[in-house]
Each structure stands twice: as structure tokens, then as C-alpha cells.
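A look at the structure
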Amino acid sequence: MSIEFSQVSFSYHKGTPLEKKALRDISLTLLPGEWKAVVGHTGSGKSTLAQLCNALLLPEGGRIEKDSRSYAAMDKKELRFLRSQVGLVFQYPEQQFFAETVEEEISFAPKNWGVPPEELPRRVAEALEMVGFPQELSSRSPFALSGGQKRRVAIASVLAGEPEYLVLDEPTTGLDARGKRELLLLLESLRHRGMGILHITHDLDVALSWCDRILVLHEGESVARGTPREILEHLREHPIRGLVLPPVAELSCILRERGLSLLLTNDIREILDFFTE
Amino acid sequence: MKFLNHLTLGQYIPLDSFVHHLDPRCKILGVLFFMTGAFLVQDPRFFLFWGGILMVCAFLSKLSLGILLRGARPILILVLFTVVLHLFFSDGTPLWSWGIFRITREGIVGAARMGIRLLLLVIFAGYLTLTTSPMELADGMESLFSPFRKFGFPAHEMAMMMTIALRFIPTLLDETDRIMKAQLARGADLEGGGIFRRLRAFIPVLVPLFLIVFQRAEDLAIAMDARCYTGGKGRTRMHPLNWHMRDSGALLFSFLVLLFSLSAERVVF
Amino acid sequence: MCSFSGLSFQYPGSDTPALCDVTLNLRAGEWLSLVGSNGSGKSTLAKMMNALLIPTQGHSYVCGYDSRLPENHRAIRERVAMVFQNPENQIVAVTVEEDVAFGPENLGLPEESLKERVAWAIEAAGLQGLERQPTYALSGGQKQRLAVAGALALNPLCLVLDEATSMVDPQGRKDLMEIFRRLHRQEGMTVVNITHRLEEIWDSERILVMEEGRLLWEGTPEEFLCAPRQSWDLPDTPMMELVAKLEARGVIRKGVFPLPGKVADALCP
């Protein structure tokens with residue numbers, strides 16, 4: 001049970017003078033219950049990666065498989081089913097709203113996947129519960145909600161398809177600090193429910209603090225992978241232009257350079273604990 | 001979808017040529033003269049003359065004839081359709097017939113004439129956009145229409161709208177692509193079904209787009225206010241249009257071409 | 001620079017006032033941070049500074065001009081320029097150079113001054129070499145810098161940033177903050193930064209906290225560390241606790257907050 005990328009490459013405008021290689025030889029595995037981050041600056045190929053996950057784009061080189069079935073071998077019906085199993089949340093997902101009520105907006109996906117009408121209210125209710133959105137507001141217009149609420153409804157509209165995996169492209173941009181924290185807690189709860197999460201972001205702070213494993217992309221190539229601590233060690237030796245170390249991590253790096261024997265970390269508690277010994 | 005950016009914005013090929021440096025007003029009027037002359041072509045054999053004019057145009061703009069002719073590509077189907085219609089359905093002395101189809105001498109002449117007219121029209125229009133940047137075109141139109149402001153014609157506003165629209169076309173295309181993909185990811189079927197079904201299926205793409213556009217209009221208006229925009233009155237330009245001798249010369253040339261094409265046909269043919 | 005007293009404002013059609021009895025004196029050359037949750041009125045207050053909004057009650061003077069008089073608005077907006085949140089919805093022109101020129105063109109400046117202003121603004125925003133680039137092809141950070149250049153081209157005394165960094169990636173944010181710092185330091189620019197990113201307040205000399213349309217608290221960044229923040233509607237700030245504790249233990253210098261990329265500056269030797 002996994003999604004597997006093997007040596008995947010992708011170019012835009014192939015064969016024209018504008019040809020641009022967005023991804024080169026990318027390999028990654030996503031397992032259920034895993035929260036994996038793909039980190040890179042804008043233009044590093046992150047959005048392309050997101051769209052490859054649910055076959056909105058197909059790789060020009062390499063192979064993508066779900067449960068050992070290659071995307072390239074799937075027919076139209078299988079691809080549709082794939083999209084219901086691998087939910088994709090775009091950046092600023094609230095921009096995709098078009099319905100008159102929250103309920104209608106969230107029913108859109110399951111309806112498209114062929115869920116019978118009697119089943120829809122249950123799917124909507126469950127999706128709203130998963131994102132922590134009050135059921136009483138489900139007849140409100142999605143446009144009349146606050147920023148954080150909109151974001152949650154947008155994610156619920158993808159969750160209503162009951163996917164096994166969730167791919168999110170910059171899910172926290174545009175949210176204030178509170179909204180961001182609530183969203184990350186939501187993702188953590190989804191992870192505990194067994195959902196595999198691919199979190200694509202330029203925010204290294206979030207990746208280091210919340211994710212199990214990180215893959216760093218730079219100009220379409222993978223340059224580092226591992227646990228947050230391993231990534232910090234790597235970035236200390238090989239800083240990457242465009243990737244800004246969050247202050248806590250940078251602090252731990254500098255303290256280490258000064259000779260203090262603390263583990264590199266982005267966790268404030270760990271630094272505080274070190275000093276309260 | 002991204003390639004369309006280059007189609008719309010990139011009809012313009014920036015080069016350092018005589019024609020590129022001409023005042024856009026001169027080019028707009030000049031091309032209009034050419035188009036008028038081309039549209040009034042009577043005898044298809046006159047296309048030799050117009051072929052010559054096109055070669056002069058290509059030479060003076062440092063663009064290859066091929067690029068100029070490529071401007072006709074979008075309407076080739078229309079031209080083909082018209083030509084076929086004239087060819088097989090005209091009245092006159094029949095040379096060959098089969099059922100309702102008949103080829104007449106008049107038909108051949110008519111088909112060639114219509115074909116050449118349409119092609120020349122589109123090629124000259126394309127020539128204008130190949131050698132003039134969108135901004136210049138907007139400035140040129142604004143200037144040409146400004147005498148009509150006395151009668152209430154909003155020349156400046158029209159030019160401003162044109163520029164803003166041009167500026168946002170690539171952005172909107174990207175956003176359309178993104179929204180379509182977002183809805184596809186939620187299982188929307190944007191391809192199958194009859195015309196009504198497809199229109200309905202596009203509502204989840206059109207509604208968000210409309211909203212983005214309206215929000216954009218509001219934000220942009222506020223931003224323009226903040227930058228002291230109060231309409232066209234009192235506005236100066238960093239690159240103002242300057243009319244030179246060469247513009248007069250080029251305009252005169254195109255006018256003479258028009259006159260020649262109107263009268264010479266009668267004389268020669 | 002700005003003098004507000006007893007300022008109140010209600011959006012038409014809303015039942016609660018957006019601003020309630022706000023009194024504020026903005027000093028020339030200072031860097032003020034305005035923080036508060038969404039709906040606290042910070043954006044509304046900012047728009048008072050360049051007369052995009054005028055108070056329904058109270059007095060508002062910007063650089064000595066009464067902002068309630070429409071004839072003063074142009075003079076005010078020449079002196080107080082604003083950069084908004086969405087980089088995309090501030091850009092009107094097709095190329096970088098043309099967009100930066102938009103503001104000064106609205107002011108009716110002569111060609112020479114226009115070119116000077118545009119060149120200076122482009123350099124100040126770090127966009128040299130991109131003058132002829134089409135605006136749609138810029139990255140998010142570059143677009144926002146373009147918006148800054150457009151504001152700078154008005155030659156303002158004060159720059160108001162309405163959540164200008166919130167839609168930009170970390171590197172872009174870093175670049176922008178550097179530009180603001182430089183302008184503040186070298187040109188004596190007054191900076192008003194409305195933000196929900198608490199790490200941005202450390203560049204400022206004064207912080208204003210707003211809640212539900214009222215000024216809740218005012219003080220320096222150091223005072224902010226010790227202020228009773230828990231009761232406010234602001235995000236929790238574990239980073240600040242860390243800084244406070246490390247300061248107490250002599251690891252971090254007093255009064256210097258570790259910013260991304262500049263952590264070393266904050267450490268004691």
C-alpha cells in the first residue's frame with residue numbers, strides 16, 4: 001500500500017523553444033499514516049510534483065505507481081478512481097468555490113465519484129467533522145466564511161471523497177498564525193487516522209516541526225532526503241539558495257558551531273530543555 | 001495552456017528594423033490603407049503586386065516572409081471554406097460539373113479573388129501586431145481617437161482597458177488552468193457529453209474565475225487610486241509618441257500603394 | 001507625518017464600527033508596526049493614512065493636509081504610498097518599466113523626471129536588468145518588489161505596507177524586508193508595517209496592537225516581550241518565550257531579536 005515515484009521526470013513545452021525541465025529523476029514513496037514534506041523554493045518543481053500525484057500530469061520519464069499499479073497503464077475509469085483515492089488540495093483552495101452552500105460545495109467531489117445521493121449527507125457530515133467545521137454552518141455560503149474556515153471547507157471538499165492519501169500544495173499560505181496552527185493540527189489528526197500526507201511547501205519551518213520525513217527539491221532535482229534532524233545536518237553543510245533556515249534551527253546550528261553539544265533542532269522545547277539543565 | 005501566453009502576447013517580435021521604429025499611428029493607418037487596397041482587389045492576377053508589397057514589408061521589418069505568411073494560419077480553414085464555396089457553387093460558364101457541384105471560369109476567378117482578399121487582410125493585420133508592441137498599439141489608438149474625445153469618446157479609458165486586459169491575459173489563462181485542474185481533481189468531467197452537459201460542467205470553472213476577476217477589478221481600482229490615477233487628464237508618458245519624417249514618408253507610401261492598386265487594376269487589366 | 005484624533009470609521013452597510021476613537025501621531029522617519037488579528041481594523045487604519053478612506057468621525061491630517069477634503073488626496077498620496085497584500089492585483093502594465101512609470105505618469109511629470117524616478121525606483125527595489133520583462137513572468141517576490149518600486153516612484157515620504165509580505169515565499173519576504181530596512185535607514189523613509197508575522201515587528205521602533213477597532217497597546221519591541229500578551233487576540237509566540245529565557249541566561253543579547261538569516265547578530269559573543 002503506497003504511492004511510488006521512480007526516477008520521474010517532467011518537462012513543459014516539450015519540443016518547443018520554451019522547453020523547460022521541471023523535474024528530473026525524482027524518486028519518492030508515500031505510505032499511509034506518513035506525513036512527508038517536499039520542500040523547495042518557488043520554481044523548484046513542487047507544483048508539478050503535486051499534479052503528477054493524481055495523474056493530472058503524466059511523467060515523461062520514469063514511473064508512478066499506486067499499490068504497484070502504474071499510472072501509465074490505467075484506463076480512464078481507473079484514473080478517475082485514482083483521483084478519488086489521492087486527494088489534491090491546491091494552493092489557495094478556496095478559490096475553487098462555486099456552490100451556494102457549504103454542503104453543496106462538499107458534495108461536489110463525492111457526487112462526481114458516483115456516490116449515491118442518499119450517502120452524500122453522511123459524507124459531508126464526516127468531512128466537516130474531520131476538519132473541525134461546525135455542522136450548523138453547512139447551509140451557509142462558502143463565500144461568507146472567514147479565511148481559516150474557507151480553507152477548512154476546501155479541504156473537507158477533498159476529504160469527502162474518502163481518499164487514502166492527501167497531497168497539499170502550500171496549504172498554510174495566506175493564513176494568519178492561528179489559522180496556520182489549526183490547519184497543521186488538522187493534518188496531524190488526519191495522519192493519525194491513517195491518511196498518507198504529502199505536504200508540499202516552501203516553509204521549512206513547518207516541514208521541520210511537523211513532518212516525519214522531508215525531501216528537498218532544488219531546480220527540479222532532489223538534493224536531500226531524511227528526517228528533520230538529518231535535513232538540518234545536511235543544510236548546515238550545504239546551504240541551499242532560496243531556502244531560509246527558520247530562526248530556531250539556525251540558532252541551534254550556531255550554538256553547535258560555538259561548541260555546545262546540542263542536537264540540531266527546530267524545536268523550541270529542545271533548546272529550552274538544553275539550557276535548563 | 002501555458003503556451004497560449006506566447007501566442008497572445010508574443011505576436012510581437014521585437015527587432016531593430018525600420019518598421020519597428022515607426023510611430024504606431026503611422027503603422028495603424030498604413031496597415032489600414034493596405035488592407036483597404038487588398039480588400040478591393042478585383043483581378044486575382046494582381047496578387048503579384050501584393051506579393052511584391054509583402055516582400056517589401058518583410059524586408060523593411062527584418063522579418064522573414066514566412067513569418068508574415070504564418071499570420072494567415074488561424075483563418076486557413078475559413079479561407080479554404082470560402083474558396084471551396086466559390087469554386088463549386090458559382091454561376092457562369094461551366095467547365096466541369098457533377099450533380100450540384102460545378103466549376104465555372106467565374107467560380108475559379110471568384111474563389112481566387114476571395115481567397116487572396118482574406119489572406120491579405122489577415123496577413124496585414126498580423127503584420128501590424130508583429131511589428132508593434134501591445135503598449136504601442138494602445139498608445140497609438142488612444143492618440144488617433146483622442147480628437148473624438150470632444151464628442152465624448154473615451155479614448156484614454158479605452159487604451160487603459162486594452163493595456164490592463166493585455167497585461168492580465170496570461171495570468172487569467174494560468175488561473176483558468178489551475179481551476180480546471182482543481183475541479184478535475186475533485187472528479188469534474190470537463191470533456192464528455194453533449195453541448196449542454198459540457199456547459200453545465202464548466203460552471204465550477206466559470207464561477208470561480210468570475211469571482212477572481214471581480215476581486216481583481218476591485219483591488220486594482222484601489223491600487224490605481226493609491227497611485228494617484230484620476231483618468232487621462234494631465235497624464236504624461238515616459239515614452240511619448242513622436243512623429244518623424246520617416247513616418248510621413250511611410251504613410252505616404254502606403255497611401256500611394258492604395259491609390260495605385262485602385263487605379264492600376266483598371267489600367268492593366 | 002500623520003495626526004489622527006478621535007478617528008472613527010464604519011463601513012457602509014456594516015453594523016459595527018471598524019475603527020473606534022483612534023488617536024495616533026505618526027512621527028516622520030519612524031518605523032511603526034501595526035499588529036492585530038483579522039478584523040481588528042489595522043487595514044482600515046492604514047487606508048486612512050493615504051486617504052483611501054476618510055473618517056466618519058474625528059480628525060485626520062496627513063503631512064498637514066486634512067484628508068477629509070478630496071482636493072488634498074493627490075498631495076497626500078504623493079507623500080504616503082501603499083503596497084498591498086496581493087502582488088498580482090497591483091500591477092497594471094505589460095512590462096516592468098511601464099508599471100513603475102504608472103504612478104509618476106499620473107502626476108504629469110515631464111519625460112526626464114519620469115525616467116529618473118523610474119530608474120531610481122527600479123534600483124531601490126532590486127529589479128535592475130528587468131526593465132523590459134513582461135510582468136506576468138515575474139516570480140511572486142519579484143512582483144511584490146515591482147509593487148514597491150511603483151510606490152517608490154511617487155517619491156513618497158512614507159511607505160505603508162498592508163500585509164505586503166503575507167503572500168510571498170520566505171526568500172521573497174527576506175528580500176522585501178531588506179529593501180524596507182535600507183529605505184528606512186538610508187532615506188529616512190517612514191515605514192508603517194501592518195503584519196501578522198510577529199518576527200517582523202523587531203525592525204520597528206514602535207508597535208501598536210489593535211483589537212476590534214481600538215488601539216489596545218503601544219510600546220517598543222522590548223516592552224512587547226514583557227507585555228501581557230496572553231489576554232490579547234494574538235497568536236501565541238513560543239519563539240518569544242525562548243528569546244526571553246535565552247536573554248535571561250546571557251545567550252542572546254538584550255534587545256536584539258534573532259531574525260531568519262541574522263541569528264548570529266543576536267548572540268552574545
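Just so it is clear, the model here is predicted, and its values are computed rather than measured. (Residues numbered from 1 in each chain as written. Chains lettered and ligands numbered in written order. Predicted model: local features only at pLDDT ≥ 70, side-chain atom pairs only at ≥ 80, totals over all residues.)

1. Examining the overall build of chain B
Counting secondary structure elements, chain B contains 11 helices and two strands. Mapped in sequence order, the helices and strands of chain B form the string α-α-α-α-α-β-β-α-α-α-α-α-α. Relative to its length of 269 residues, chain B is extended, with a C-alpha radius of gyration of 23 Å against a globular reference of 18 Å. Each principal axis of the C-alpha atoms in chain B carries an extent, and together these give about 65 × 60 × 40 Å. Burial statistics for chain B: of 269 residues in total, 29% are counted as buried. Long-range contacts, defined as pairs at least 24 residues apart, comprise 73% of the intrachain contacts of chain B with a sequence gap of at least 6. (Helix = DSSP H or I, 4+ residues; strand = E, 2+ residues; numbered from the N terminus. Rg over C-alpha atoms; globule rule 2.2 N^0.38 Å. Buried ≥ 20, exposed ≤ 12 C-beta atoms within 10 Å, placed from the backbone. Contact = placed C-beta atoms within 7 Å.)

2. Quick notes on the overall build of chain C
The helix and strand inventory of chain C stands at nine helices and 10 strands. Against the 2.2 N^0.38 benchmark of 18 Å for 269 residues, chain C shows a C-alpha radius of gyration of 19 Å, consistent with a compact globule. Each principal axis of the C-alpha distribution contributes one length, and for chain C these read about 60 × 45 × 30 Å. Residues counted as buried form 52% of the 269 residues belonging to chain C.

3. Thoughts on the interface of chain B and chain A
Taken together, the contact pairs 18 residues of chain B with 23 residues of chain A. Every element with two or more residues in the side of chain B that touches chain A is listed here: helix 1 (3-9), helix 8 (155-185) and helix 10 (203-226) of chain B. Looking at the side of chain B that touches chain A residue by residue, the classes come out as 11 nonpolar, three polar and four charged. (Nonpolar A, V, L, I, M, F, W, Y, C, P; charged D, E, K, R; others polar.)

4. As for the sheet that holds strand 4 (residues 61-66) of chain A
Residues and elements named next belong to chain A. With respect to topology, four strands assemble into an open sheet ordered 2-1-4-5, the strand pairing being antiparallel. The open sheet has two edge strands, strand 2 (20-30) and strand 5 (69-70), and neither has a second partner. Bridge analysis of strand 1 (residues 3-12) against strand 2 gives seven bridges, and the strand direction is antiparallel. Bridging from a neighbouring strand, tyrosine 12 pairs with lysine 20 of strand 2. (Pairing = 2+ DSSP bridges.)

5. Section: the confidence of the model for chain B
All names here are of chain B. Summarising the model, chain B shows a mean pLDDT of 85, and 94% of its residues fall at 70 or more. For chain B, per-element mean pLDDT is lowest for helix 1, which scores 43, and highest for helix 10, which scores 95. Below pLDDT 50 for its whole length, residues 1-10 participates in 16 contacts with residues either more than four positions away or in separate chains. (pLDDT = per-residue confidence, 0-100.)

6. Details of the interface of chain C and chain B
The partner chain B presents 28 residues to the 34 residues of chain C that form the contact. For the side of chain C that touches chain B, the elements supplying multiple residues, two or more each, are helix 2 (73-79), helix 3 (96-106) and helix 4 (111-124) of chain C. No other element matches the six residues that helix 3 of chain C contributes to the side of chain C that touches chain B. Partitioning the side of chain C that touches chain B into residue classes produces 17 nonpolar, nine polar and eight charged.

7. Description of unusual backbone geometry
You will see that glutamate 162 of chain A, though not glycine, has its phi angle at about 55°, which is positive. Its place among the elements puts glutamate 162 of chain A in the loop between helix 5 (147-159) and strand 7 (165-169). One non-glycine residue, cysteine 63 of chain C, lies in positive phi territory at about 50°. Turning to its location among the elements, cysteine 63 of chain C is positioned in the loop between strand 4 (57-62) and strand 5 (65-66).

8. Structural notes on the packing of helix 3 (residues 47-61) of chain B against helix 6 (residues 105-131) of chain B
Residue and element names in this part refer to chain B. At a minimum axis separation of 12 Å, helix 3 and helix 6 run at an interaxial angle of 10°. Classified by the angle between their axes, helix 3 and helix 6 sit roughly parallel to one another. Across from Phe47, Trp50, Leu54, Cys57 and Ser61 in helix 3, the residues of helix 6 making contact are Ile116, Leu120, Ile123, Tyr127 and Thr131. In the contact of helix 3 with helix 6, the residues fall into eight nonpolar, two polar and no charged. (Axes fitted to C-alpha atoms, helices over the stretch in contact; angles between N-to-C directions. Parallel < 35°, antiparallel > 145°, perpendicular 65-115°, else oblique.)

9. Some thoughts on the packing of helix 5 (residues 76-89) of chain B against helix 6 of chain B
Residue and element names in this part refer to chain B. Between helix 5 and helix 6, the least distance of the axes is 7 Å, while the angle of their chain directions is 160°. Looking at the two axes, helix 5 sits roughly antiparallel to helix 6. At the point where helix 5 passes helix 6, the crossing takes the right-handed sense. Mapping the contact onto sequence places Leu78, Val79, Thr82, Val83, His86 and Leu87 in helix 5 and Gly107, Ile108, Gly110, Ala111, Met114, Gly115, Leu118 and Leu119 in helix 6. Per-class residue counts for the contact of helix 5 with helix 6 are nine nonpolar, five polar and no charged. (Left-handed = near helix turned anticlockwise from the far one by under 90°.)

10. Comments concerning the domain arrangement of chain B
Residues and elements named next belong to chain B. Per the domain assignment, the segments of chain B are domain 1 (15-132 + 242-269) and domain 2 (134-235). Taking the mean C-alpha position of each, domain 1 and domain 2 sit 32 Å from one another. Facing four residues of domain 1, the contacting portion of domain 2 comprises seven residues. Among the residues forming the side of domain 1 that touches domain 2, the class breakdown is two nonpolar, one polar and one charged. (Domains from an automatic or database assignment.)

11. Considering helix 4 (residues 120-131) of chain A
Residues and elements named next belong to chain A. Under the 1.5 Å per step criterion, the end-to-end length of helix 4 is 17 Å for 12 residues, consistent within 8% with the ideal 16 Å. Listing the buried residues of helix 4 in full gives Arg123, Val124, Ala127, Leu128 and Val131. Down the axis of helix 4, the buried side of the element spans an arc of 130°, and every buried residue falls inside it. Opposite the packed face of helix 4, turned more than 90 degrees from it, sit the exposed residues Pro121 and Arg122. In the core, the buried residues of helix 4 are packed alongside helix 3 (102-112), helix 5 and helix 6 (177-192). In the segment just after helix 4, glycine 132 is the residue with positive phi, at about 75°. (Expected span 1.5 Å × (residues − 1). Arc of directions from axis to C-beta.)

12. Looking at the sheet that holds strand 9 (residues 206-211) of chain C
Neighbouring strands of a sheet are bound in pairs by backbone hydrogen bonds; such pairs are parallel or else antiparallel. All names here are of chain C. In spatial order, the strands read 6-7-8-3-9-10; together these six strands make up an open sheet with mixed pairing. Edge strands, defined here as strands with exactly one partner in the open sheet, are strand 6 (80-83) and strand 10 (214-219). The mean inter-strand angle of the sheet, taken between neighbouring strand axes irrespective of direction, is 20°. As paired strands, strand 3 (residues 31-35) and strand 9 are joined by four bridges and run parallel to one another. Its bridge partner lying in strand 9, leucine 32 is registered against arginine 206.

13. A word on the environment of leucine 120 of chain B
Residues and elements named next belong to chain B. Its place among the elements puts leucine 120 in helix 6. The spatial distance from the C-alpha of leucine 120 to the C-alpha of isoleucine 222 is 44 Å, given a sequence separation of 102 residues. When near neighbours in sequence (up to four residues on either side) are disregarded, leucine 120 contacts Ala38 and Trp50.

14. Considering the pairing of strand 3 (residues 35-39) of chain A
All names here are of chain A. Of all five residues that make up strand 3, five are buried, and the element is covered over most of its length. Burial along strand 3 is two-sided: the residues Trp35, Ala37 and Val39 and Lys36 and Val38 are all buried. Two strands pair when backbone bridges link them, and strand 3 and strand 8 (residues 196-201) are joined in this way by five bridges, in the parallel orientation. Bridged to lysine 36 within strand 8 is leucine 198. The sheet contact formed by strand 3 and strand 9 (residues 213-218) spans four bridges and is parallel. Along strand 9, the bridge assignment pairs lysine 36 with arginine 213.

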